[in-house]
Amino acid sequence: MELTPRRLRFGGDYNPEQWPSDVWDEDVTLMKQAGVTTATVAVFAWARLEPYPGLYDTAWLDDVLDRLHAGGVRVLLATATASPPVWLARDFPDTLPVSENGVRLEFGSRQQYSPASATYREHALRLVEMLAQRYGEHPAVEGWHVNNEYGCHVPYSYDEESAAAFRTWLQARYGTVEELNRAWGTAFWSQLYTSFDQVEPPRAAPTFRNPTQLLDWDRFGSDTLLALHRAELEVLRRVTPDLPVTTNFMGFFPHTDYWAWAPHVDVVSDDAYPDPADPLAHVRLAAQRDLVRSLRAGQPWLLMESAPSAVNWRGRNLPKAPGLHRVHSLQAVARGADGVLHFQWRQAEAGAEKFHSALVPHAGPDSRLFRESVALGAELAALSDDVVGTRVPARVAMVFDWDSWHALSQPAVPATIDYVDTFLSWYAPFLRRGVTVDLLPRDADAARLAAYDLVVVPALHVAADDDLGALDAYVRGGGHLVVTYLSAVLDPDLHARLGGYLGALRDTLGVRVTEIAPAGRAVALVGDVAGAAGEWNDAVEVSTARVVAAYSDGFAAGDPAVTRNEHGTGVGWYVGTQPSVALLDELAARWLDEAGVPTLLTEPVDGVEAVVRGGLLFVLNHTGEAVDVPLTSGIVHVPARDVVIRPA
Amino acid sequence: MELTPRRLRFGGDYNPEQWPSDVWDEDVTLMKQAGVTTATVAVFAWARLEPYPGLYDTAWLDDVLDRLHAGGVRVLLATATASPPVWLARDFPDTLPVSENGVRLEFGSRQQYSPASATYREHALRLVEMLAQRYGEHPAVEGWHVNNEYGCHVPYSYDEESAAAFRTWLQARYGTVEELNRAWGTAFWSQLYTSFDQVEPPRAAPTFRNPTQLLDWDRFGSDTLLALHRAELEVLRRVTPDLPVTTNFMGFFPHTDYWAWAPHVDVVSDDAYPDPADPLAHVRLAAQRDLVRSLRAGQPWLLMESAPSAVNWRGRNLPKAPGLHRVHSLQAVARGADGVLHFQWRQAEAGAEKFHSALVPHAGPDSRLFRESVALGAELAALSDDVVGTRVPARVAMVFDWDSWHALSQPAVPATIDYVDTFLSWYAPFLRRGVTVDLLPRDADAARLAAYDLVVVPALHVAADDDLGALDAYVRGGGHLVVTYLSAVLDPDLHARLGGYLGALRDTLGVRVTEIAPAGRAVALVGDVAGAAGEWNDAVEVSTARVVAAYSDGFAAGDPAVTRNEHGTGVGWYVGTQPSVALLDELAARWLDEAGVPTLLTEPVDGVEAVVRGGLLFVLNHTGEAVDVPLTSGIVHVPARDVVIRPA
Amino acid sequence: MELTPRRLRFGGDYNPEQWPSDVWDEDVTLMKQAGVTTATVAVFAWARLEPYPGLYDTAWLDDVLDRLHAGGVRVLLATATASPPVWLARDFPDTLPVSENGVRLEFGSRQQYSPASATYREHALRLVEMLAQRYGEHPAVEGWHVNNEYGCHVPYSYDEESAAAFRTWLQARYGTVEELNRAWGTAFWSQLYTSFDQVEPPRAAPTFRNPTQLLDWDRFGSDTLLALHRAELEVLRRVTPDLPVTTNFMGFFPHTDYWAWAPHVDVVSDDAYPDPADPLAHVRLAAQRDLVRSLRAGQPWLLMESAPSAVNWRGRNLPKAPGLHRVHSLQAVARGADGVLHFQWRQAEAGAEKFHSALVPHAGPDSRLFRESVALGAELAALSDDVVGTRVPARVAMVFDWDSWHALSQPAVPATIDYVDTFLSWYAPFLRRGVTVDLLPRDADAARLAAYDLVVVPALHVAADDDLGALDAYVRGGGHLVVTYLSAVLDPDLHARLGGYLGALRDTLGVRVTEIAPAGRAVALVGDVAGAAGEWNDAVEVSTARVVAAYSDGFAAGDPAVTRNEHGTGVGWYVGTQPSVALLDELAARWLDEAGVPTLLTEPVDGVEAVVRGGLLFVLNHTGEAVDVPLTSGIVHVPARDVVIRPA
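These figures come from a predicted structure and were not determined experimentally.

Cut-off values and rules
- The numbering scheme is per chain: residues are counted from 1 as the chain's sequence reads.
- Naming scheme: in the order in which they are written, chains are lettered from A and ligands are numbered from 1.
- Local features in this predicted model are restricted to residues whose pLDDT is 70 or higher, and side-chain atom pairs enter the listing and the counts only when it is 80 or higher, whereas totals over whole chains, interfaces and linings include all residues.
- Derived side-chain values reflect all non-hydrogen atoms in the structure, with water molecules and hydrogen atoms excluded from consideration.
- For two strands to pair, DSSP has to find at least two bridges joining them.
- Helical segments are the DSSP runs of H or I of at least four residues, strand segments are the runs of E of at least two, and each set is numbered from the N terminus.
- Whether two residues are in contact is decided by their heavy atoms: any pair within 4.5 Å suffices.
- Here the axes come from fitting lines to C-alpha atoms, over the contacting stretch only for helices, and the angles between their N-to-C directions go from 0 to 180 degrees.
- Least-squares fitting of one copy onto the other uses the C-alpha atoms of those residues that reach a pLDDT of at least 70 in both copies.
- Exposure is judged per residue with a 1.4 Å probe applied to protein chains only, and the accessible area is read against the type maximum: over 50% gives exposed, under 20% gives buried, and values in between give partly exposed.
- Paired rings are identified among Phe, Tyr and Trp, the last through its six-membered ring, by centres lying within 6.5 Å, and are further divided according to the angle between planes into stacked (under 30 degrees), edge-to-face (over 60) and tilted (the rest).
- Charge-over-ring placement is defined geometrically: NZ (Lys) or CZ (Arg) within 6 Å of the ring centre, and within 35 degrees of the ring normal.
- Here a polar contact is recorded for every N or O atom pair within 3.5 Å, except that within protein the pair must consist of a potential hydrogen donor and a potential acceptor, and residues adjacent in sequence are included only if both atoms are side-chain atoms.
- Defined in terms of a 1.4 Å probe, buried area is the accessible area two parts forfeit on being brought together, summed over both.
- For this document, the term salt bridge refers to a Lys or Arg side-chain nitrogen within 4 Å of an Asp or Glu carboxyl oxygen.
- Amino acid classes used here: Ala, Val, Leu, Ile, Met, Phe, Trp, Tyr, Cys and Pro are nonpolar; Asp, Glu, Lys and Arg are charged; the rest, including Gly, are polar.
- The span expected for a helix works out to 1.5 Å for each residue beyond the first.
- The arc in question is traced by the directions running from the helix axis to the C-beta atoms.

**Comments concerning the sheet that holds strand E1 (residues 9-14) of chain B**
Paired through backbone hydrogen bonds, the strands of a sheet run either parallel or antiparallel to each other.
Residues and elements named next belong to chain B.
Item 1. Read across the open sheet, the 9 strands follow the order E5-E4-E3-E2-E1-E9-E8-E7-E6; overall the sheet is parallel. Strands at the two margins of the open sheet, each flanked by one partner only, are strand E5 (245-246) and strand E6 (248-249).
Item 2. Docked against the sheet, helix H10 (residues 281-295) engages E6, strand E7 (269-271) and strand E8 (301-305), running at close to 125 degrees with respect to E8.

Written out as structure tokens, the structure is:
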């Protein structure tokens, strides 16, 4: 995906169909004033483009694209398939999704289609074909924005057509019903199937549903949405082979496994909506930036949607304090984005998102928000030469895995934990030291792992033998590996690893885990490192490992909590508890030191980031207070909600 | 509605069909002992009156009415349509209501009918006709109690017949589908309709439903219930033109817009059930009395239902402490009631409300509760000459609006707030100073507004241009107006007011509101008035207004929080935050002073009220401690849960 | 049910169908090592035994039983009917249960059958017949384990077949619809029925459903499950008249009235899963042991299921600390169990309960858990001679009643309370003093009551005249009776007792209760006993009783809280509030002293138990600290999570 001239993109979703055409004139004028490079057009315009089945109304879109072109704004044209018109629901009610309780959901919000519906797909592809034929050569159009936030509200549907598709998917996965029975462990609770025809989606049931059925349903959901997406791509690549495509991901979104999706787009784009009320929003956001950058191995990505200020869909929607959106935007750039786009250009006057902020707010151009929009556009333009197309170096990696997320989100597990929050708790100490982290899928092979000096694996609940083998090879070859509680407990069929969990990592780490043990109260550690930890104390037996810290109290007193094992030419650590923030900072410092990873900050600081990209050092202060940031290169003063950018 | 002799009514729902006839004899004896003037009979008697379709059994009711008449008790006869018999559900299952998830609700509780059901209506009207014909001339009957608590459990039903009625209602409202599209903002999220036939109720959907569709569904629900009510009235007024009618309202009840209902009844009656566990119950109750009094512009009203002690339908149902029900009863009288009735006369032995207290409790006449009943009956009789038919003067008004309530109760708003609680927080400072408040609908015209020295408009989220114009005219003509955050944000179609919200009030108040801003923590104010405020700090730009207080901290530090604008010969205040109780007392004192409104209390006191009616001053103490109440006329001592009544 | 030799049973559920047969060899070896006497086989094996309708596969079970027999392990053979195969769901979808919202529940968890389904029953009985015919004479088999945890997930179903069965049940109970109308109080809310055909289950309805209908639905549910159970028993007793039968109860389980069930089994068995995170787990557990022992009047019972460590179905599943499961196991023995079995022998590798602990954990035999299993097996073997077959003496009884539980769990009651937790709060003071308590049904007659020196009746909300008469006779005959608030409020039709609640107990206790009164805050008592109490203060009027304590504050100040009445040659106490733990200890000491009941502890101690069985004194310490237990026979030191057993 290529912009000419090479500039950081700035702009957002543009929905002119919501406004009379006299507003369109002002739009282009204001876009110029704000330095808008890019508009994403027609995301929710299907009903406007095809008000009756097969009857297209495109004159308005011709007009809009011409105006944008005249104004120098380039267009990521949406395929408009994210929200079908009412006639699809009325003529084909079977396209409407069904809940796990059998409720067929009604038209009147958005995304009201069953992802497995052939009828929906047929009508969607016909629309895509029309748009590609009509606009593929329009001079304003530089790429396709396919659908929108796949799976956001309807990741799967429990209707009959979906059930049949699920059976087909299962047959492809397992071949025989015997293999399905083995994988699902149907000998338990008398669940044996004798035919694929007997299998249904995991609808509401008397009690806990089969865990592997649930996980396969999640996998089927992601695969079905991806198949829909690929069907649109097939049309676009046939008709407009030279136009790049993207679809907006949603960062840590449970229902689509973006490791599987990313190879199919030309550029990764992402929607990110930090909550100003969340004190850890900057950590979540930094990790999300790192995730989307990692999905295509560091290729620059696009922030497709962000909010200049408040969103509308939380229970309490705080505005962003002045300056904060600029910090968020520059964070995205520092972490690999080649553009900062927004939902949306002009705040809607009506509808369900009228309280979602926009570059042009309800108050109009005479407003703080529009003035900040103009300033941000200018700043991004000035940064373009240095950063566009450059990569973000990282020497630490962390494994993030959708299967583990799903498995830990099921009921009937040792304890209900939030996988992403747990992941972030292990990510944060690196952020606090100015250490950039790449994310990896759990099936990263040894060669890919070897690119990093330190690999951290938090709560990798599900892993295949090959995954564990690659981690073992990484350590044997000199890598530094940290593995935490709840890791390598299950194989990809969700069968427990017997004999002490961990599988091949038992050798790597020199320990066996004999019991998974959430604790009834916080525990404390003593040893080489000491301090507080959370309510978890797995039962660990060491073989070749050395005990670095043990529990000092509770019924696990004296048992190993943190172990270190030299293995081949590398080192494997196991941590059987959730250390406190301070203790984790201390452990992370030790791991970084052992692995020889340099840090940008001399000590951990909260609310501040330091990242290098394109020869520039970005020091970002997310907090409401000025901070003297202790960089290894000297102290730098960063005012509240501000950014210092200087040569690295 | 006229009582002869003119006495404050006392009594309650009387359900003799629950008891054998020997109990009826005791009932009349005890009623005499307690001074009961009025019984409401047959509210839930449909199944008893018509056990088989079209087959009536009225002998028992003849007997009951004759006994009551002989005992000197007058009757508000119910039309008995609130809870249809089981045969309606079995012969016509389509009359049963359907939930938004498509669940058809079962017989076995009460009110199990779809308000739009023509079959229900037909059978209900046949029953009403029979009752009117049979009892219209009975000497005991002095009026009709129509249905019961309309919409309490089933404000609307999502069945097909209701859907068709909704489409008819929309067609009447909008004329064309284009106008519906404009009003609903269906250009957003691809929701354009090309025919009214495509529109359905807002059933369960993938995500946020169209806000204007939701609001229209609320309006349709209220209108449909009112149409049902008017159909009964049509029968009654035709057959018994001389008998007055009422139906029991429920105060701050969301699903029926009582401003629209009140013109259709002859007298407003109300059900009120304060929670003894709620420390603000007396505030809520006072405001509810003021609401129902205001619905027909100050005409005396009837407390149709109250509980002598505990109710049964909360999670924890505290009894009223001795004396407290007397305080509540005299509060109703002081605030305009011409009668205090109860649910119910005799506590039920069985059924879902057997734990609801009554004038005659389970324990029988030898009980605190019955002794208090007797005393209350006597006290009301003694007060009758002074107060019956008199009005309650008020010089302050507050605007209360059902559309705003609905709009703020929707998801996808700036913050989920409780509209009624917010309203009460602005009402309370007047209550604490002994200042009586009338309530007004948002479409009160300038003449109606001009009757008041001070008008307070809290969180009037939805307002029409005309509404704002009348408020502006009120100020220009010398009125004092206070407007708070979240006001005049949307028009009646829920479209945002552009350019700084507020619409015409921008001139009235001399400010623009450029961002709606819930805050992440409590804020503080400095200036002419200073103190703490809640978690809200709208972005306000002043034009002609003067800043009375500004934020002292947080990211809005220095921005205007409270402004005052001289406009025409009046004054308009804007308050962009939620002041603390103390700060609001201070502001209210200033507003009252500026507007020249006298107060009965020299300083704000919690838990105490002072109201004048009929030449009497009622000083009520809702608390468990004696209070020396600082009246402007001198200090008066009021024991715990007691009332002092003296000439005003 | 008889074991030869007479040994405490040890073992658990054995599900070999989950494992390949090479694991079976290790199983028998490890069972011998652990001293396993008993395996419960085939609980969830229906699908394995009958993979296609009518086509049986039993060779594997032949093999397993032969191996167990060869290994000296005896078998409680399951009838395998608890979880039907998928073909039943697919061929007969009407067998699937339906929720109160009309959702038909899907196959894929367990217990997916409507208890009233004739089709399910027919297929279940055919399976039972086959198993009984085939294995009734197998030398390993010593008894039947019928179905499993009846009603655990599907206590009733709202389908049409169940509705018809409910009508039949009602007709049998009430004879005429007039009697149903009287019992249900259908005169209230216009609910009169004119035919049984009009009655439906209490499906989702607009508001509170008829309370007696709800209670009858609960009773019907329990009766329907019991009828299913008895149908299996009929087959088993016909084919294998010499084999004893049991089914595993679940202690305080709401949906099956075990007083009604227990007469039908040969031995009571129970599943008990204390939560290690619950500080009151030992109290709940002790009471549960006492309940199941009392169900067949003290006959030794069997702990059918327990977990050596963590379960899997709570939100957070803590392991048991080392030693704790031994304390739980010996507690069961001390309180009358003749065996300690487990779910399950070998921890599942897959499925919904793979994280449920087992005698052989995922980690294998080289683990703390298996070593503890071996030690427990040996200890139970050593205890056998002393305790097997012996009874546990008790001189205090408490009344526990399923109807009262149901009634207090309904909405529209004075306050939502947890009946079992309330019961336990009155049980705990006896546990703290080492006083063993038997439980009694509410219909225990005077002779049965007379076996006890003290009878405590907490919150017996529902009681028949005969029940109250027996309690009165008990006191008149010299018994000591304690009755608490919320008792004897309703009769078995849930009609209120008029005139002051309590019915015949008004004489027994010398008081009337004129108001049920949850309080808004904690109250305090003064008098002969004094101290804090909870948020409850019923209005009590004394007739012949003496006031022992009165409320010192709140609006009930001065009113009686605790009363004592000499009646005949006995004493009746009424307590109208919920005393604090300390106050209850003081009251219990007084009651025990008056009734002449000896205690094993000289003062109350938390977390410790002392019980006598079979000439042995068991002193159990559930806490994590060593305790010097002040026995009346002298102080005994019990280490943390340990047990001292010595001659009584």
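After that view, the rundown keeps rolling.
**Quick notes on the relation of the copies chain C and chain A**
Item 1. In screw terms, the move from chain C to chain A is a rotation of 120 degrees and a rise of 0.0 Å along the axis, fitting with an RMSD of 0.0 Å. Seen this way, the second copy is the image of the first under a three-fold rotation axis.

**Re unusual backbone geometry**
Residues and elements named next belong to chain B.
Item 1. In this structure, the amide linkage connecting phenylalanine 343 to the following residue, glutamine 344, adopts the cis form with an omega of 0 degrees.
Item 2. Structurally, glutamine 344 is set in the loop between strand E9 (337-342) and helix H12 (368-387).
Item 3. One non-glycine residue, serine 190, adopts positive backbone phi at about 60 degrees.
Item 4. Its place among the elements puts serine 190 in the loop between helix H7 (177-184) and helix H8 (211-239).
Item 5. Overall, the relative accessible area of 1% leaves serine 190 in the buried class.

**Quick look at the packing of aromatic side chains**
Item 1. Counting across every chain of the model gives 99 aromatic pairs over all chains.
Item 2. Ring centres of tryptophan 345 of chain A and phenylalanine 370 of chain A lie 6.5 Å apart, and the angle between their planes is 85 degrees; this geometry places the pair in the edge-to-face category. Note that tryptophan 345 of chain A is positioned in the loop between strand E9 (337-342) and helix H12 (368-387) and phenylalanine 370 of chain A in helix H12, a separation of 25 residues in sequence. A single burial state applies to tryptophan 345 of chain A and to phenylalanine 370 of chain A, both of which are buried.
Item 3. Ring geometry for tryptophan 184 of chain C and tyrosine 193 of chain C: centres 6.0 Å apart, planes at 85 degrees, overall edge-to-face. Accessibility assignment for this pair places tryptophan 184 of chain C and tyrosine 193 of chain C in one class, buried.
Item 4. Within the aromatic cluster, the residues linked to one another by ring pairs are Tyr150, Phe249, Phe252, Tyr258, Trp261, Phe400, Trp402, Trp405, Tyr419 and Phe423 of chain A.
Item 5. The residue whose ring lies beneath arginine 346 of chain A is tryptophan 19 of chain A, and the NZ or CZ to ring-centre distance is 5.6 Å.

**Overview of the environment of histidine 153 of chain C**
Item 1. By the secondary structure assignment, histidine 153 of chain C is in the loop between strand E4 (141-145) and helix H6 (160-174).
Item 2. A sequence separation of 41 residues divides histidine 153 of chain C from glutamine 112 of chain C, and the C-alpha atoms of the two residues are 8.5 Å apart.
Item 3. Those residues in contact with histidine 153 of chain C that sit more than four places away from it in its chain are Pro206 and Thr207 of chain A together with Arg110 and Gln111 of chain C.
Item 4. Reaching out from histidine 153 of chain C, the side chain makes a polar contact with the side chain of arginine 110 of chain C at a distance of 3.2 Å.

**Examining the environment of arginine 289 of chain A**
Item 1. In this fold, arginine 289 of chain A is placed in helix H10 (residues 281-295).
Item 2. In sequence terms arginine 289 of chain A and threonine 563 of chain A are 274 residues apart; their C-alpha atoms lie 31 Å from each other.

**Brief notes about the interface of chain A and chain B**
Item 1. At the interface, 55 residues of chain A touch 50 residues of chain B.
Item 2. When the two sides are added together, the surface that chain A and chain B hide from each other amounts to roughly 4400 Å², 60% of it contributed by carbon and sulfur.
Item 3. There are 4 salt bridges connecting chain A and chain B.
Item 4. Where chain A meets chain B, there are 23 residue pairs in polar contact (both at pLDDT 80 or more).
Item 5. Listed by contribution, the elements that provide at least two residues to the side of chain A that touches chain B are helix H2 (46-49), helix H4 (86-91) and H12 of chain A.
Item 6. Within the side of chain A that touches chain B, the residues separate by chemical class into 26 nonpolar, 14 polar and 15 charged.

**Here we look at helix H3 (residues 59-70) of chain C**
Residues and elements named next belong to chain C.
Item 1. Under the 1.5 Å per step criterion, the end-to-end length of H3 is 17 Å for 12 residues, consistent within 8% with the ideal 16 Å.
Item 2. Among the residues of H3, those classed as buried are Trp60, Leu61, Val64, Leu65 and Leu68. End-on, the buried residues of H3 take up no more than an arc of 130 degrees, which puts them together on one face. Exposed side chains of H3 directed beyond 90 degrees from the buried face belong to Ala59 and Ala70.
Item 3. Phi turns positive one or two residues past the end of H3, at glycine 72, with a value near 80 degrees.

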